[in-house]
Amino acid sequence: METILIIAIFFLLAWAGLHAKTSRSDGELIRGLHSYRRLMGYVMVSRNESVVYFDSYADAENLLQYIECCEGKFDVDISHCLVAAALIGLAENPKMNRFSTGRRLYQRIGCAVTFSMKRKQLDTEAKLSTVKLEAIPGETFAGLCERINSKVSVERSGQRTYADKEFDMLSAIPRPLLRLGVGLLKQLDYFNILPAGFIANDAMYTSMFIANLGSLGMDAGFHHLYEWGNCPLFMMAGKIEDRPVVRDGELCVRKQIHIRFSYDERIDDGLNARFGIDAIVKALEHPFDYFGCLSGDGSDARPLDRDAPA
(Lines give C-alpha, C1' and ligand atoms only; values in the text may rest on other atoms or scores of the structure.)
Protein backbone atom coordinates (compact mmCIF):
# COMPACT_ATOMS: atom_id res chain seq x y z
CA MET A 1 0.00 0.00 0.00
CA GLU A 2 2.85 2.38 0.88
CA THR A 3 4.56 1.57 -2.43
CA ILE A 4 1.42 2.44 -4.36
CA LEU A 5 1.08 5.69 -2.43
CA ILE A 6 4.71 6.63 -3.12
CA ILE A 7 4.27 5.90 -6.84
CA ALA A 8 1.06 7.94 -6.93
CA ILE A 9 2.76 10.89 -5.21
CA PHE A 10 5.70 10.63 -7.62
CA PHE A 11 3.44 10.75 -10.69
CA LEU A 12 1.42 13.58 -9.18
CA LEU A 13 4.56 15.65 -8.58
CA ALA A 14 5.86 14.83 -12.08
CA TRP A 15 2.51 15.86 -13.61
CA ALA A 16 2.54 19.12 -11.63
CA GLY A 17 6.16 19.77 -12.61
CA LEU A 18 5.43 19.30 -16.30
CA HIS A 19 2.51 21.71 -16.20
CA ALA A 20 4.57 24.24 -14.24
CA LYS A 21 7.41 24.29 -16.81
CA THR A 22 7.13 27.47 -18.89
CA SER A 23 10.64 27.82 -20.33
CA ARG A 24 11.36 26.85 -23.94
CA SER A 25 14.42 26.99 -26.18
CA ASP A 26 12.57 29.01 -28.85
CA GLY A 27 10.34 31.35 -26.84
CA GLU A 28 9.79 33.37 -23.69
CA LEU A 29 6.44 33.18 -21.91
CA ILE A 30 4.47 36.43 -22.21
CA ARG A 31 3.20 37.44 -18.79
CA GLY A 32 0.61 40.03 -17.83
CA LEU A 33 -1.73 39.20 -20.70
CA HIS A 34 -5.33 40.34 -20.60
CA SER A 35 -7.56 37.56 -19.25
CA TYR A 36 -9.40 37.45 -22.59
CA ARG A 37 -6.22 36.58 -24.47
CA ARG A 38 -5.16 34.03 -21.85
CA LEU A 39 -8.47 32.22 -22.28
CA MET A 40 -8.20 32.13 -26.09
CA GLY A 41 -5.86 29.14 -25.85
CA TYR A 42 -8.63 27.18 -24.15
CA VAL A 43 -11.53 28.42 -26.27
CA MET A 44 -9.65 28.05 -29.59
CA VAL A 45 -7.38 25.07 -29.08
CA SER A 46 -6.00 24.49 -32.60
CA ARG A 47 -4.41 26.87 -35.11
CA ASN A 48 -6.97 26.24 -37.80
CA GLU A 49 -9.73 26.90 -35.28
CA SER A 50 -8.05 30.28 -34.68
CA VAL A 51 -7.06 31.23 -38.22
CA VAL A 52 -8.01 34.56 -39.81
CA TYR A 53 -7.49 35.22 -43.53
CA PHE A 54 -6.33 38.50 -45.02
CA ASP A 55 -6.33 39.48 -48.69
CA SER A 56 -3.90 42.08 -50.01
CA TYR A 57 -2.15 43.37 -53.13
CA ALA A 58 1.28 44.89 -53.60
CA ASP A 59 2.14 47.15 -56.53
CA ALA A 60 5.02 45.45 -58.37
CA GLU A 61 6.17 48.20 -60.75
CA ASN A 62 9.04 49.42 -58.54
CA LEU A 63 9.88 45.86 -57.49
CA LEU A 64 10.38 44.69 -61.08
CA GLN A 65 12.50 47.77 -61.78
CA TYR A 66 14.57 47.09 -58.66
CA ILE A 67 15.20 43.45 -59.65
CA GLU A 68 16.29 44.65 -63.10
CA CYS A 69 18.74 47.06 -61.45
CA CYS A 70 20.21 44.19 -59.41
CA GLU A 71 21.41 42.39 -62.55
CA GLY A 72 25.14 41.99 -62.45
CA LYS A 73 25.30 42.95 -58.76
CA PHE A 74 23.71 39.94 -57.00
CA ASP A 75 21.17 37.25 -57.85
CA VAL A 76 17.66 38.17 -56.77
CA ASP A 77 14.10 37.32 -57.74
CA ILE A 78 10.59 37.77 -56.32
CA SER A 79 11.08 35.00 -53.76
CA HIS A 80 14.12 36.77 -52.26
CA CYS A 81 12.07 39.95 -51.97
CA LEU A 82 9.17 38.16 -50.29
CA VAL A 83 11.48 36.69 -47.63
CA ALA A 84 13.13 40.07 -47.02
CA ALA A 85 9.78 41.86 -46.79
CA ALA A 86 8.55 39.25 -44.29
CA LEU A 87 11.61 39.79 -42.10
CA ILE A 88 11.05 43.54 -42.25
CA GLY A 89 7.39 43.14 -41.30
CA LEU A 90 8.27 40.92 -38.35
CA ALA A 91 11.01 43.28 -37.17
CA GLU A 92 8.70 46.29 -37.29
CA ASN A 93 5.87 44.41 -35.56
CA PRO A 94 7.35 42.11 -32.87
CA LYS A 95 3.89 41.03 -31.72
CA MET A 96 3.57 39.11 -34.98
CA ASN A 97 6.64 37.10 -33.94
CA ARG A 98 4.72 35.19 -31.28
CA PHE A 99 3.32 31.68 -31.12
CA SER A 100 0.80 29.71 -29.09
CA THR A 101 1.84 26.35 -27.62
CA GLY A 102 0.44 24.40 -24.70
CA ARG A 103 -2.39 26.98 -24.40
CA ARG A 104 0.21 29.62 -23.54
CA LEU A 105 1.51 32.56 -25.55
CA TYR A 106 5.23 33.00 -26.21
CA GLN A 107 7.41 35.69 -27.72
CA ARG A 108 9.72 33.93 -30.14
CA ILE A 109 13.42 34.07 -29.43
CA GLY A 110 15.01 35.25 -32.65
CA CYS A 111 13.19 35.23 -35.96
CA ALA A 112 12.99 32.62 -38.72
CA VAL A 113 11.25 32.38 -42.07
CA THR A 114 10.53 29.13 -43.90
CA PHE A 115 9.87 29.06 -47.64
CA SER A 116 9.06 26.28 -50.09
CA MET A 117 10.79 25.56 -53.38
CA LYS A 118 10.96 22.88 -56.04
CA ARG A 119 14.02 20.64 -55.97
CA LYS A 120 14.28 20.89 -59.79
CA GLN A 121 12.88 23.97 -61.47
CA LEU A 122 11.93 22.39 -64.80
CA ASP A 123 10.69 19.02 -63.54
CA THR A 124 6.92 18.94 -62.99
CA GLU A 125 7.29 15.81 -60.86
CA ALA A 126 10.05 17.21 -58.66
CA LYS A 127 9.19 17.20 -54.98
CA LEU A 128 8.91 20.35 -52.93
CA SER A 129 11.49 21.21 -50.34
CA THR A 130 11.31 23.61 -47.41
CA VAL A 131 14.11 25.93 -46.36
CA LYS A 132 14.22 27.46 -42.88
CA LEU A 133 16.23 30.66 -42.62
CA GLU A 134 17.14 32.23 -39.28
CA ALA A 135 17.29 36.04 -39.33
CA ILE A 136 20.71 37.54 -38.64
CA PRO A 137 20.63 40.88 -36.78
CA GLY A 138 21.95 43.70 -38.94
CA GLU A 139 21.94 41.65 -42.17
CA THR A 140 21.46 43.53 -45.44
CA PHE A 141 19.33 42.42 -48.37
CA ALA A 142 22.37 41.45 -50.45
CA GLY A 143 23.64 39.27 -47.60
CA LEU A 144 20.23 37.65 -47.23
CA CYS A 145 20.10 36.86 -50.96
CA GLU A 146 23.52 35.24 -50.76
CA ARG A 147 22.39 33.02 -47.89
CA ILE A 148 19.15 32.08 -49.66
CA ASN A 149 21.03 31.17 -52.84
CA SER A 150 23.44 29.05 -50.82
CA LYS A 151 20.57 27.19 -49.13
CA VAL A 152 18.76 26.66 -52.44
CA SER A 153 21.96 25.31 -54.02
CA VAL A 154 22.25 22.72 -51.26
CA GLU A 155 18.60 21.68 -51.65
CA ARG A 156 18.99 21.30 -55.41
CA SER A 157 22.38 19.60 -55.26
CA GLY A 158 20.87 16.17 -54.68
CA GLN A 159 22.64 15.65 -51.36
CA ARG A 160 20.56 14.40 -48.43
CA THR A 161 19.44 17.13 -46.07
CA TYR A 162 18.32 16.91 -42.43
CA ALA A 163 14.69 16.90 -43.60
CA ASP A 164 15.37 14.04 -46.05
CA LYS A 165 16.87 11.90 -43.29
CA GLU A 166 14.02 12.76 -40.94
CA PHE A 167 11.34 11.87 -43.53
CA ASP A 168 13.07 8.60 -44.49
CA MET A 169 13.33 7.56 -40.86
CA LEU A 170 9.69 8.36 -40.11
CA SER A 171 8.36 6.68 -43.26
CA ALA A 172 10.12 3.44 -42.29
CA ILE A 173 8.20 3.21 -38.99
CA PRO A 174 5.01 1.06 -39.02
CA ARG A 175 1.82 3.13 -39.07
CA PRO A 176 0.62 2.41 -35.48
CA LEU A 177 4.06 3.23 -34.04
CA LEU A 178 4.37 6.32 -36.22
CA ARG A 179 1.03 7.60 -34.96
CA LEU A 180 2.14 7.05 -31.35
CA GLY A 181 5.52 8.65 -32.05
CA VAL A 182 4.03 11.80 -33.59
CA GLY A 183 1.60 12.04 -30.69
CA LEU A 184 4.47 11.71 -28.22
CA LEU A 185 6.44 14.49 -29.93
CA LYS A 186 3.39 16.76 -29.77
CA GLN A 187 3.05 16.05 -26.06
CA LEU A 188 6.73 16.82 -25.48
CA ASP A 189 6.20 20.13 -27.27
CA TYR A 190 3.05 20.83 -25.24
CA PHE A 191 4.99 20.40 -21.99
CA ASN A 192 8.04 22.35 -23.28
CA ILE A 193 10.42 19.39 -23.12
CA LEU A 194 10.94 18.85 -26.85
CA PRO A 195 14.73 18.92 -27.46
CA ALA A 196 16.11 22.26 -28.65
CA GLY A 197 17.96 20.57 -31.52
CA PHE A 198 14.71 19.15 -32.87
CA ILE A 199 13.04 22.57 -32.79
CA ALA A 200 16.03 24.32 -34.41
CA ASN A 201 16.11 21.92 -37.37
CA ASP A 202 12.37 21.55 -37.97
CA ALA A 203 11.07 23.90 -40.68
CA MET A 204 7.65 24.28 -39.04
CA TYR A 205 9.05 25.87 -35.87
CA THR A 206 9.26 29.23 -37.57
CA SER A 207 7.91 32.78 -37.50
CA MET A 208 6.31 32.64 -40.96
CA PHE A 209 5.91 30.21 -43.86
CA ILE A 210 6.10 31.66 -47.38
CA ALA A 211 4.93 30.03 -50.60
CA ASN A 212 5.54 31.89 -53.85
CA LEU A 213 3.02 30.30 -56.22
CA GLY A 214 3.82 33.01 -58.73
CA SER A 215 7.05 31.16 -59.53
CA LEU A 216 4.81 28.34 -60.79
CA GLY A 217 2.56 30.70 -62.74
CA MET A 218 -0.27 30.26 -60.23
CA ASP A 219 -2.55 32.64 -58.35
CA ALA A 220 -2.39 32.98 -54.58
CA GLY A 221 -4.62 30.78 -52.46
CA PHE A 222 -5.67 30.78 -48.84
CA HIS A 223 -3.55 28.25 -46.97
CA HIS A 224 -4.27 26.46 -43.72
CA LEU A 225 -1.90 26.73 -40.76
CA TYR A 226 0.00 23.58 -39.86
CA GLU A 227 -0.87 22.00 -36.52
CA TRP A 228 2.65 20.58 -36.40
CA GLY A 229 5.26 23.01 -35.08
CA ASN A 230 4.33 26.50 -33.95
CA CYS A 231 4.17 28.62 -37.12
CA PRO A 232 1.35 31.22 -36.68
CA LEU A 233 1.62 32.96 -40.08
CA PHE A 234 1.38 31.75 -43.68
CA MET A 235 1.93 34.01 -46.68
CA MET A 236 1.07 32.95 -50.22
CA ALA A 237 2.01 35.12 -53.20
CA GLY A 238 0.57 34.71 -56.68
CA LYS A 239 1.91 35.59 -60.10
CA ILE A 240 2.41 39.22 -61.10
CA GLU A 241 -0.43 40.37 -63.33
CA ASP A 242 -1.96 43.54 -64.72
CA ARG A 243 -4.84 44.80 -62.61
CA PRO A 244 -7.06 47.90 -62.76
CA VAL A 245 -6.40 50.23 -59.81
CA VAL A 246 -7.33 53.79 -58.88
CA ARG A 247 -4.37 56.13 -58.36
CA ASP A 248 -4.87 59.82 -57.62
CA GLY A 249 -8.53 59.45 -58.56
CA GLU A 250 -7.74 58.00 -61.99
CA LEU A 251 -8.31 54.45 -63.19
CA CYS A 252 -5.15 52.83 -64.54
CA VAL A 253 -3.56 49.42 -65.02
CA ARG A 254 -0.64 48.41 -62.79
CA LYS A 255 1.37 45.23 -62.31
CA GLN A 256 0.45 43.78 -58.93
CA ILE A 257 1.20 40.79 -56.72
CA HIS A 258 -1.75 39.15 -55.02
CA ILE A 259 -0.78 38.18 -51.46
CA ARG A 260 -2.92 36.19 -49.04
CA PHE A 261 -2.16 35.76 -45.36
CA SER A 262 -3.31 33.17 -42.82
CA TYR A 263 -2.96 34.45 -39.26
CA ASP A 264 -3.32 32.75 -35.87
CA GLU A 265 -5.61 35.15 -34.00
CA ARG A 266 -4.38 33.90 -30.63
CA ILE A 267 -1.02 35.67 -30.98
CA ASP A 268 -2.54 39.15 -31.19
CA ASP A 269 -5.55 41.06 -32.50
CA GLY A 270 -6.35 41.75 -36.15
CA LEU A 271 -5.25 45.38 -35.95
CA ASN A 272 -1.64 44.42 -35.31
CA ALA A 273 -1.89 41.85 -38.09
CA ARG A 274 -2.91 44.68 -40.39
CA PHE A 275 0.13 46.72 -39.32
CA GLY A 276 2.42 43.77 -40.08
CA ILE A 277 0.84 43.10 -43.47
CA ASP A 278 1.04 46.79 -44.37
CA ALA A 279 4.75 46.78 -43.48
CA ILE A 280 5.36 43.78 -45.76
CA VAL A 281 3.43 45.37 -48.65
CA LYS A 282 5.21 48.70 -48.17
CA ALA A 283 8.62 47.04 -48.32
CA LEU A 284 7.67 45.29 -51.58
CA GLU A 285 6.35 48.51 -53.08
CA HIS A 286 9.40 50.59 -52.07
CA PRO A 287 12.37 48.22 -52.52
CA PHE A 288 14.88 50.98 -53.28
CA ASP A 289 14.22 52.45 -49.82
CA TYR A 290 13.87 49.18 -47.88
CA PHE A 291 16.31 46.84 -49.67
CA GLY A 292 18.93 49.15 -51.21
CA CYS A 293 22.32 47.48 -51.80
CA LEU A 294 22.60 48.84 -55.36
CA SER A 295 25.42 51.35 -54.88
CA GLY A 296 28.94 50.09 -55.31
CA ASP A 297 30.17 51.69 -52.09
CA GLY A 298 27.45 50.19 -49.87
CA SER A 299 26.10 53.59 -48.87
CA ASP A 300 22.51 52.47 -49.51
CA ALA A 301 22.81 49.11 -47.74
CA ARG A 302 20.47 49.06 -44.74
CA PRO A 303 19.87 46.30 -42.17
CA LEU A 304 16.55 44.59 -42.75
CA ASP A 305 15.71 44.80 -39.04
CA ARG A 306 16.26 48.56 -38.85
CA ASP A 307 13.45 51.04 -38.25
CA ALA A 308 11.36 51.83 -41.31
CA PRO A 309 12.67 54.61 -43.57
CA ALA A 310 10.86 57.93 -43.46
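Each remark here, short or long, concerns the structure printed above.
Predicted, not measured: the structure shown is a model, and the values here were computed from it. (Residues numbered from 1 in each chain as written. Predicted model: local features only at pLDDT ≥ 70, side-chain atom pairs only at ≥ 80, totals over all residues. Heavy atoms only, no water.)

Draft legend 1. The overall build of the protein chain, seen in detail. Looking only at helices and strands, one finds 11 helices and 9 strands in the protein chain. Put simply, the protein chain has 310 residues, and 42% of those count as buried. Considering only intrachain contacts with a sequence separation of at least 6, the fraction spanning at least 24 residues in the protein chain is 71%. Summing over all exposed atoms, the protein chain offers an accessible surface of approximately 16,700 Å²; the carbon and sulfur share of this is 58%. (Helix = DSSP H or I, 4+ residues; strand = E, 2+ residues; numbered from the N terminus. Buried < 20%, exposed > 50% of the residue type's maximum accessible area, 1.4 Å probe, protein only. Contact = heavy atoms within 4.5 Å. Areas by Shrake-Rupley, 256 points an atom, 1.4 Å probe, with all protein chains shown as cover.)

Draft legend 2. A look at unusual backbone geometry. The phi torsion at R103 lies on the positive side, around 60°, for a residue other than glycine. Summarising the element assignment, R103 is placed in the loop between strand 3 (98–101) and strand 4 (104–108). A residue is classified by how much of its surface remains accessible, and R103, at 30% relative accessible area, is partly exposed. Here C293, not a glycine, exhibits a phi torsion of approximately 65°, which is positive. The residue C293 is located in the segment after helix 11 (287–290) in this model.

Draft legend 3. The arrangement of the pairing of strand 3 in detail. Burial along strand 3 is two-sided: the face carrying R98 and S100 and the face carrying F99 and T101 are both buried. Between the antiparallel neighbours strand 3 and strand 4 lie 2 residues, among them G102 with a positive phi of about 60°. (Pairing = 2+ DSSP bridges.)

Draft legend 4. Representation of the side chain of N192. Turning to its location among the elements, N192 is positioned in the loop between helix 8 (175–190) and helix 9 (196–201). Side-chain polar atoms of N192 contact the side chain of R24, separated by 2.9 Å. Only 2.9 Å separates the side chain of N192 from the side chain of Y106, close enough to count as a polar contact. Apart from the residues within four sequence positions on either side, N192 is in contact with K21, T22, S23, R24, R104 and Y106. (Polar contact = N/O pair within 3.5 Å; in protein donor to acceptor, adjacent residues only side chain to side chain.)

Draft legend 5. The packing of aromatic side chains, seen in detail. Across all of its chains, the model carries 13 aromatic pairs by this definition. Ring centres of F141 and F291 lie 4.5 Å apart, and the angle between their planes is 15°; this geometry places the pair in the stacked category. Of this pair, F141 sits in helix 6 (residues 141–155) while F291 is found in the segment after helix 11, placing the two residues 150 residues apart along the sequence. Judged by centre distance (6.2 Å) and plane angle (40°), the ring pair of F209 and Y226 falls under tilted. Placement of the pair is F209 in strand 7 (residues 208–212) and Y226 in the loop between strand 7 and strand 8 (233–247), with a sequence separation of 17 residues. (Phe/Tyr/Trp six-rings, centres within 6.5 Å; stacked < 30°, edge-to-face > 60°.)

Draft legend 6. The arrangement of a nonpolar patch on the surface in detail. Judged by side-chain polarity, L39, Y42 and V43 come together as a nonpolar surface patch covering roughly 350 Å² of accessible area. Among the secondary structure elements, Y42 is positioned in helix 2 (residues 35–43). A relative accessible area of 54% means that Y42 is categorised as exposed. (Patch = residues over 30% accessible without salt bridge, like charges linked within 9 Å, V, L, I, M, F, W, Y side chains within 5 Å. Salt bridge = Lys/Arg side-chain N within 4 Å of Asp/Glu carboxyl O.)

Draft legend 7. Highlighting the sheet that holds strand 3. Spatially, the 3 strands line up as an open sheet ordered 1-4-3, and their pairing is antiparallel. Bordering the open sheet on either side are strand 1 (27–29) and strand 3, each of which pairs with just one other strand. On average, each strand axis in the sheet is tilted by 40° relative to the strand beside it, whichever way the strands run. Pairing analysis gives 4 bridges linking strand 3 to strand 4, with the strands arranged antiparallel. Within strand 4, the position partnered with T101 by the bridge is R104. (Axes fitted to C-alpha atoms, helices over the stretch in contact; angles between N-to-C directions.)

Draft legend 8. Region of the structure containing the state of the cysteines. Tallied over the full model, the rule gives 0 disulfides. Free cysteine: C81, not disulfide-bonded; nearest cysteine sulfur from C145 at 6.7 Å. (Disulfide = S-S within 2.5 Å.)

Draft legend 9. Spotlight on the pattern of salt bridges. Taken as a whole and assessed by the stated rule, the structure comprises 11 salt bridges. For D268, the salt bridge goes to R98, with nearest N and O atoms at 4.0 Å. Taken together, the residues span a long stretch of sequence, with D268 in the loop between strand 9 (250–264) and helix 10 (270–285) and R98 in strand 3 at a distance of 170 residues. Note on R98: relative accessible area 10%, which makes it buried. Each of R24, D26 and D189 takes part in one network of salt bridges that share partners.

Draft legend 10. The arrangement of helix 4 (residues 61–69) in detail. For helix 4, the complete set of buried residues consists of L63, Y66 and I67. With its buried residues spanning 100° around the axis, helix 4 presents them on a single face. (Arc of directions from axis to C-beta.)

Draft legend 11. Molecular detail of the environment of N212. Inspection of the secondary structure puts N212 in strand 7. Placed 133 residues apart in sequence, N212 and S79 show a C-alpha to C-alpha distance of 6.4 Å. Only 3.2 Å separates the side chain of N212 from the backbone nitrogen of G214, close enough to count as a polar contact.

Draft legend 12. Just the side chain of S56, in detail. In this structure, S56 sits in strand 2 (residues 51–59). Dropping the residues within four chain positions of it, S56 is found in contact with I257, H258, I259, F261, R274, I277 and V281.

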